[in-house]
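# Per-entry structural report
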Number of protein chains: 6
Amino acid sequence: MERVVIKLTGKVFSVENVKTLAELADVILKYRGSGVKIAVVVGGGETARKYISMASEAGVSLGWQDILGIGASRLNAMLLSAMLGDHAYYPVPTRIEDFIHAWNLDKIAVGGGLQPGQSTNAVAASLAELLNVELLINATTVDGVYDKDPKIEPNASVLRELTIRDLRKVLTQSYVPGRYELLDPVALSIIERARLQVVFINAFKPYMLKSVLSGERVYGSWVRPE
Amino acid sequence: MERVVIKLTGKVFSVENVKTLAELADVILKYRGSGVKIAVVVGGGETARKYISMASEAGVSLGWQDILGIGASRLNAMLLSAMLGDHAYYPVPTRIEDFIHAWNLDKIAVGGGLQPGQSTNAVAASLAELLNVELLINATTVDGVYDKDPKIEPNASVLRELTIRDLRKVLTQSYVPGRYELLDPVALSIIERARLQVVFINAFKPYMLKSVLSGERVYGSWVRPE
Amino acid sequence: MERVVIKLTGKVFSVENVKTLAELADVILKYRGSGVKIAVVVGGGETARKYISMASEAGVSLGWQDILGIGASRLNAMLLSAMLGDHAYYPVPTRIEDFIHAWNLDKIAVGGGLQPGQSTNAVAASLAELLNVELLINATTVDGVYDKDPKIEPNASVLRELTIRDLRKVLTQSYVPGRYELLDPVALSIIERARLQVVFINAFKPYMLKSVLSGERVYGSWVRPE
Amino acid sequence: MERVVIKLTGKVFSVENVKTLAELADVILKYRGSGVKIAVVVGGGETARKYISMASEAGVSLGWQDILGIGASRLNAMLLSAMLGDHAYYPVPTRIEDFIHAWNLDKIAVGGGLQPGQSTNAVAASLAELLNVELLINATTVDGVYDKDPKIEPNASVLRELTIRDLRKVLTQSYVPGRYELLDPVALSIIERARLQVVFINAFKPYMLKSVLSGERVYGSWVRPE
Amino acid sequence: MERVVIKLTGKVFSVENVKTLAELADVILKYRGSGVKIAVVVGGGETARKYISMASEAGVSLGWQDILGIGASRLNAMLLSAMLGDHAYYPVPTRIEDFIHAWNLDKIAVGGGLQPGQSTNAVAASLAELLNVELLINATTVDGVYDKDPKIEPNASVLRELTIRDLRKVLTQSYVPGRYELLDPVALSIIERARLQVVFINAFKPYMLKSVLSGERVYGSWVRPE
Amino acid sequence: MERVVIKLTGKVFSVENVKTLAELADVILKYRGSGVKIAVVVGGGETARKYISMASEAGVSLGWQDILGIGASRLNAMLLSAMLGDHAYYPVPTRIEDFIHAWNLDKIAVGGGLQPGQSTNAVAASLAELLNVELLINATTVDGVYDKDPKIEPNASVLRELTIRDLRKVLTQSYVPGRYELLDPVALSIIERARLQVVFINAFKPYMLKSVLSGERVYGSWVRPE
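All values derive from a computational prediction rather than experimental measurement.

## Some points on the overall build of chain A
The helix and strand inventory of chain A stands at eight helices and seven strands. Relative to the globule expectation of 17 Å for 226 residues, the C-alpha radius of gyration of chain A, 17 Å, shows essentially globular dimensions. By residue count, 63% of the 226 residues in chain A fall in the buried class. Just so you have it, chain A exposes about 7900 Å², and 48% of that area is on carbon and sulfur atoms. Of the charged side chains in chain A, 25 are positive and 24 negative, and the gap between their average positions amounts to 2 Å.

In structure tokens form, the structure reads like this:
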């Protein structure tokens, strides 16, 4: 791999999972050191949920709740940046232009959300398009895209190779709507139009990230354009 | 009206239509003067199309083409800002935060697009939600939302009152996809979740804007939440 | 009161206390509405502690831990800003200059920490000096400055009036070091050199803030310069 | 060549000339790749003229017309930046400090105008002085500095070598004032005081730029300090 | 007067003249208070000369010497801003856009130079054009424009009324070049094209500023467009 | 040495000492060239004193006087940056984040103060902690830390090696308070908590800086953590 964007679930930014996060940081540093250009978009995780819930209780609009979620994702990005030391782009990017700026300067930008009404998945997809990367790595809470909902069906199995059209089918048809959201429609559209290659891996298994960055196709669900 | 966001089609930013633009600026200033808080989001129009076409010919990605379209919309915003004189927020906002900043300072922010993969309609809807406005005015190239495609059906007529659900039906079912895009799905979703009131008017008939800002419901298609 | 800086404990930014926070926001809006100029500095609270603890576990330096605490305090500031609507200065100030900027534009700036190695109390004191306010309101977790440590001595009572010299004595001599820190030495020095008037109140009793903003001296510990 | 500033005419930013522009981008990338430090200042071209004309018709002052021309030149700069990919400094510089910043970080800054009442030629000259370059390349619409006005005199020929004093004479004496402006007086003064070497070439003949960047003196008019 | 730009000589920013500066600040505040919109551009004065001289001795280019002079003028602007308290726009504007921003927000912007190779007089003239002011007040070290060089001719007298054409004649013909520079050619050109009214007064006689701001024409040299 | 922060006394920024400053710039460039990462914090020196004195005479608060001192230190930083050419980070950092940004991009950031009520020594210490440097070089007006006050005691001698505890003793006990301030308490606390190694050298003897950067321990007072 030479150019990748990583979307990292916000769920890894918690006291319980900080060791996992540190391992992920080490993997990123290792491959950065061997010449891979990397940008990272992180989710808001439990901090986002907390602030959104406070805002909601205080009667603040959904748009502002999004803004607070973005703020939380940026705080997560600060933490990961701190772990990356000299290799991080700092301060945390707050506009898509900042990500491009960082990329061109060969630093690892770690950012969060950018706009209300736009998911961090959409940010990552947009970035992957703009930076013309080989691979968008979606590090989430499960091992990949399942053929059935793994929470309900015991025999659900990870789809190892699928086309973007397959992915769209899985996302829109197989599951209870709103329950299992690997990707929102906006992110999906950008991935389609940019003909991006995407892999879904489990963020809680850092060896998967290592494997993907080393160019292997051993883990995860690999989605190719058609 | 006390608080409105105006989405203004980029088509009005052309040498032929500059007098219309100046009339629109006068209407905005007049109602600002009588206490209406106003934010404006403008499209990229022919300048956007020109730069996107140049970028496309030079092999630049769709994401970067979006960025050039955003740049063009901001140039349009500069022109309208210049016409608004002391009442404009300047420089032109480039982040959603800048729009909020301007609004809270009681100046008229005129901006364009913000992010690749996001329409200026989505920006306007998001802003309307964040600024908690009474009305989102969509000043476009036609007199409102038609019951049939006015380019094909001679007896198409403007729908004067409709619910957001009606609007969704019209947008998704009636017309050839991609031909008649008053609103993209993202903008529509924000309008729905924020329960915004929207009116579609013709930007080329500035008396329509005047009428709407004065609180009348004489012109345009009025969309209400359910 | 015409010009005040409020230092608000970060402890009020939690799911349990969000109603208290909303009440404080209402009080601030009410007095802003009647012409009081207000700037607010908020602490990092439990979110700061969480991120500092994660950073510490990941081996990040104390300086960077401070930066994460600052980030958390800014997230708190975003939440309170969202509650203040049009009256807030947005985006959240990140430099002392931004606070001055907001103040001169007559908006309520709500910010957090600014620099590693500097407390939010020191920020608030510095701001109070620069903005030449009448009163620095320190809204903390207790009813005021006690003559003895209220956690140990059952008969500790709030000192209603004290000089800055008395305050220094209480802070430096009476308590176990590091246990009961109403003010750090830097904040105290700024308060002394600027001859600021300070009142300590309980943030969890919003009527105290109301009382102080209305010009009463019924609640809290009032500290006067000598 | 090791350090150059290129002033590129805005006329090349048009649908008809986009292939030429792409060739120029390739030349710039090629020499950047072999170690030449490059900064580029582009003119506003036909987009500038269009917006200035709209602004003029709407009664906007000459100062604001300049600002719109600057906006147009920056849109041109965005397009060229997009073509330069990872090597570009992004976002487009809007202050002289941004150009210096980009230069020191070894990226190709492509910018436009900076201030009303100041030509892009003056910006390029000022930049060439600040960055202490070997050569200011003025890529314009003609092959160089002519001894007579080529539009009137059929036997006008390009002056291959001239001193800055010669250039001043040509610019101020030979032609109808205002008709043939290779350089304005401010740009000329900076070139003189900084004792810059300048070459005028034809932007529409990209091999000229290639030749100059490779260190040849085969094409263009070469102006040396005295 | 309702809208004015003041160009203030940097010579008043010295330990000896600080009382004069404070008086000027009081005059500005007084008229701001009664509704006059004011922007101020200050020169670099003795601090600029000092840093330019140090830079020169260290072999730094003339362009960078200009930048240091600009830095010094901004330090002067900070001092005057501090004196203006809540009425100042802060932080000090560093781009022409910042001045416009401040003006539209009804605060007094006090800035210095903006670009190498551009005088603070040119900044003031450009600003006066963009802000569409009634009067550009040039507060310098002498009582106005003299008919002869007052340093040489004992019977030189202040010209009370002159046209811009007269001014151009006086500036270009009467004096030893470089000795007596009230206005550089760029500033003069902007004043001409924008048809600005200008008055030259003595900054060291604050009653002159007071008189001019109150609408009197008792002091100074008044220059009118033709 | 591989990573150092240099605190440089503002006293070296004067017409008399500009040659010394140029020599220091040469030393910094030389070691930067051989791979040492360097950040520099400069004091305000005589310019700071001048503006503080003007502000004081004009009745401006101590907080604003600090801001003017910070402005002066930044002007000094501009001068040194200009001397460092392409290797400098420009524009001058004004937030701690800018210093980190510059460091990660491998440029020499030269900045001044950041906040009222915070010394440039505290900025340097905080930076040294955040950048995780090997050594904080304090280049001051004397050869190191003396065992007695060298202005009073003729036989005072430089302490060559001391612990941070020794340093605290020397700073707090030996001298007349306020007379001899090598380090303020905030700077000292950061140095302690970060367990930084510090060396005090004489800025007016550039060979001392050279010696220290080359890894020698021949000159200065070396302070080690305990």
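## Thoughts on the pattern of salt bridges
Under the definition given, this model contains 90 salt bridges over all chains. A salt bridge links F:Lys205 to F:Asp143; the shortest N-O distance between them is 2.8 Å. Separated by 62 residues along the polypeptide, F:Lys205 in the loop between β6 (198-202) and α8 (206-213) and F:Asp143 in the loop between β4 (135-140) and β5 (161-163) bring together distant segments of the chain. Under the relative-accessibility criterion, F:Lys205 is labelled partly exposed at 26%. What you see here is one network of salt bridges that share partners, running through A:Arg3, A:Arg32, A:Lys37, A:Asp106 and D:Asp86.

## Some details on the relation of the copies chain B and chain D
Of the transformation superimposing chain B on chain D, the axial component is 0.0 Å and the angular component is 180°, with the fit at an RMSD of 0.0 Å. Look at the turn and shift together and you get a two-fold axis relating the two. Looking at chain B, 100% of its interface residues are interface residues in chain D too, so the copies touch through the same face.

## Brief notes about helix α7 (residues 185-194) of chain B
Residues and elements named next belong to chain B. Residues of α7 that are buried include every one of Ala187, Leu188, Ile190 and Ile191, and no others. Along the long axis of α7, the arc covered by the buried residues comes to 160°, so they all point the same way. Once α7 finishes, Arg195 follows within two positions and takes phi at roughly 55°, a positive value.

## Quick word on the pairing of strand β7 (residues 221-224) of chain E
Residues and elements named next belong to chain E. Across three bridges, strand β5 (residues 161-163) lies against β7 in parallel orientation. Pairing of Glu161 across the sheet is with Trp222, part of β7. Bridge analysis of strand β6 (residues 198-202) against β7 gives three bridges, and the strand direction is antiparallel. If you follow Val199 over to β7, its bridge partner there is Trp222.

## A few points about the relation of the copies chain C and chain B
Turning chain C through 120° and shifting it by 0.0 Å along the axis lays it on chain B, with an RMSD of 0.0 Å. Such values leave the two copies arranged in the relation of a three-fold axis. Among all C-alpha atoms of chain C, that of C:Leu105 lies closest to the rotation axis, at 4.4 Å. A low fraction, 12%, of the interface residues of chain C reappear at the interface in chain B, so the copies pair through non-equivalent surfaces.

## Structural notes on the sheet that holds strand β2 (residues 37-42) of chain C
Residue and element names in this part refer to chain C. On the basis of which strands lie adjacent, the open sheet formed by seven strands has the order β3-β2-β1-β4-β6-β7-β5 and mixed pairing. Whereas interior strands pair on both sides, the edge strands pair on one side only; in this sheet they are β3 (109-111) and β5 (161-163). With direction set aside, neighbouring strand axes in the sheet form an average angle of 20°. Its contacts with the sheet place helix α4 (residues 96-104) against β1 (3-8), β2 and β3, and it is angled at close to 155° to β2. Along the sheet face, helix α8 (residues 206-213) touches β1, β4 (135-140), β6 (198-202) and β7 (221-224) and points at about 155° away from the line of β6.

## Description of the arrangement of the chains
One finds no contact between chain C and chain D; the C-alpha atoms of the two approach each other to within 20 Å at their closest. With respect to C-alpha atoms, chain B approaches chain F no nearer than 20 Å, and the pair has no contact.

## Some points on the interface of chain B and chain D
Taken together, the 27 residues of chain B in the interface contact 27 residues of chain D. Buried area between chain B and chain D, summed over both chains or domains, comes out near 2500 Å², and the portion from carbon and sulfur atoms is 76%. Three residues stand out in chain B for area buried against chain D, namely B:Tyr51, B:Met54 and B:Leu75, and they jointly supply 22% of the buried area on that side. Taken together, the connections running from chain B to chain D amount to four salt bridges. We note a salt bridge from D:Lys50 to B:Glu46, for which the minimum N-O separation is 2.7 Å.

## A short note on the side chain of C:Asn104
The topology assignment puts C:Asn104 in helix α4. A residue is classified by how much of its surface remains accessible, and C:Asn104, at 6% relative accessible area, is buried. Beyond its immediate sequence surroundings of up to four residues, C:Asn104 is in contact with C:Lys37, E:Gly85, E:Asp86, E:Ala88, E:Tyr90 and E:Lys107.

## Remarks on the environment of C:Asn17
By secondary structure assignment, the location of C:Asn17 is in the loop between β1 and α1 (18-33). Of note is the side chain of C:Asn17, whose polar atom sits 3.3 Å from the backbone oxygen of C:Lys11.

## Considering the pairing of strand β4 (residues 135-140) of chain D
All names here are of chain D. In terms of burial, β4 is largely enclosed, as six of its six residues are buried. When strand β1 (residues 3-8) meets β4, the two strands line up parallel, connected through five bridges. Bridge pairing in β4 links Val5 to Leu136. Where β4 meets strand β6 (residues 198-202), five bridges bridge the pair, whose relative direction is parallel.

## A few points about the packing of helix α4 (residues 96-104) of chain A against helix α5 (residues 120-130) of chain A
All names here are of chain A. Viewed as axis vectors pointing N to C, α4 and α5 meet at an angle of 45°, and their least axial separation amounts to 11 Å. It follows that α4 is oblique to α5 by the angle criterion. α5 is crossed by α4, and the crossing has right-handed handedness. Residues Ile96, Phe99 and Ile100 of α4 form the contact with α5, whose participating residues are Val123, Ser126, Leu127 and Leu130. Looking at side-chain class alone, the contact of α4 with α5 contains six nonpolar, one polar and no charged residues.

## Looking at helix α5 (residues 120-130) of chain E
Most of α5(E) sits inside the fold, with 11 of its 11 residues counted as buried. Within α5(E), burial applies to E:Thr120, E:Asn121, E:Ala122, E:Val123, E:Ala124, E:Ala125, E:Ser126, E:Leu127, E:Ala128, E:Glu129 and E:Leu130. Contact partners of the buried residues in α5(E): α3 (62-84) of chain D together with β1 (3-8), β2 (37-42), α4 (96-104), β4 (135-140) and α7 (185-194) of chain E. By the N-cap criterion, in which a side-chain oxygen at the helix start approaches the backbone nitrogen of a residue two or three places on, α5(E) is capped by E:Ser119, the distance to E:Asn121 being 3.3 Å. One or two steps after α5(E), the chain reaches E:Asn132, where phi turns positive at roughly 55°.

## Some remarks on the interface of chain C and chain B
Facing the eight residues of chain C at the interface are nine residues of chain B. Contact between chain C and chain B buries roughly 720 Å² in total, counting both sides, with carbon and sulfur atoms accounting for 53%. Together, C:Asp86, C:Tyr90 and C:Pro91 form the three largest contributors to the area buried by chain C at its contact with chain B, with a combined 69%. At the boundary of chain C with chain B, the tally comes to two salt bridges. The tally of links between chain C and chain B comes to seven residue pairs in polar contact (both at pLDDT 80 or more). Class assignment of the residues belonging to the side of chain C that touches chain B gives a composition of five nonpolar, one polar and two charged.

## Focus on the sheet that holds strand β2 (residues 37-42) of chain F
All names here are of chain F. Here we have seven strands laid out as an open sheet, ordered β3-β2-β1-β4-β6-β7-β5, and mixed in their pairing. Since the sheet does not close on itself, it has two edges, and those belong to β3 (109-111) and β5, each with one partner. Neighbour-to-neighbour, the strand axes of this sheet turn through a mean angle of 20°, independent of strand direction.

Each value, and the rule that gives it
- Residues numbered from 1 in each chain as written.
- Chains lettered and ligands numbered in written order.
- Predicted model: local features only at pLDDT ≥ 70, side-chain atom pairs only at ≥ 80, totals over all residues.
- Heavy atoms only, no water.
- Helix = DSSP H or I, 4+ residues; strand = E, 2+ residues; numbered from the N terminus.
- Rg over C-alpha atoms; globule rule 2.2 N^0.38 Å.
- Buried < 20%, exposed > 50% of the residue type's maximum accessible area, 1.4 Å probe, protein only.
- Areas by Shrake-Rupley, 256 points an atom, 1.4 Å probe, with all protein chains shown as cover.
- Lys, Arg positive; Asp, Glu negative; His and termini not counted.
- Charge placed at Lys NZ, Arg CZ, Asp CG, Glu CD.
- Salt bridge = Lys/Arg side-chain N within 4 Å of Asp/Glu carboxyl O.
- Least-squares fit on C-alpha atoms with pLDDT ≥ 70 in both.
- Contact = heavy atoms within 4.5 Å.
- Arc of directions from axis to C-beta.
- Pairing = 2+ DSSP bridges.
- Axes fitted to C-alpha atoms, helices over the stretch in contact; angles between N-to-C directions.
- Buried area = accessible area lost by both parts, 1.4 Å probe.
- Polar contact = N/O pair within 3.5 Å; in protein donor to acceptor, adjacent residues only side chain to side chain.
- Parallel < 35°, antiparallel > 145°, perpendicular 65-115°, else oblique.
- Left-handed = near helix turned anticlockwise from the far one by under 90°.
- Nonpolar A, V, L, I, M, F, W, Y, C, P; charged D, E, K, R; others polar.

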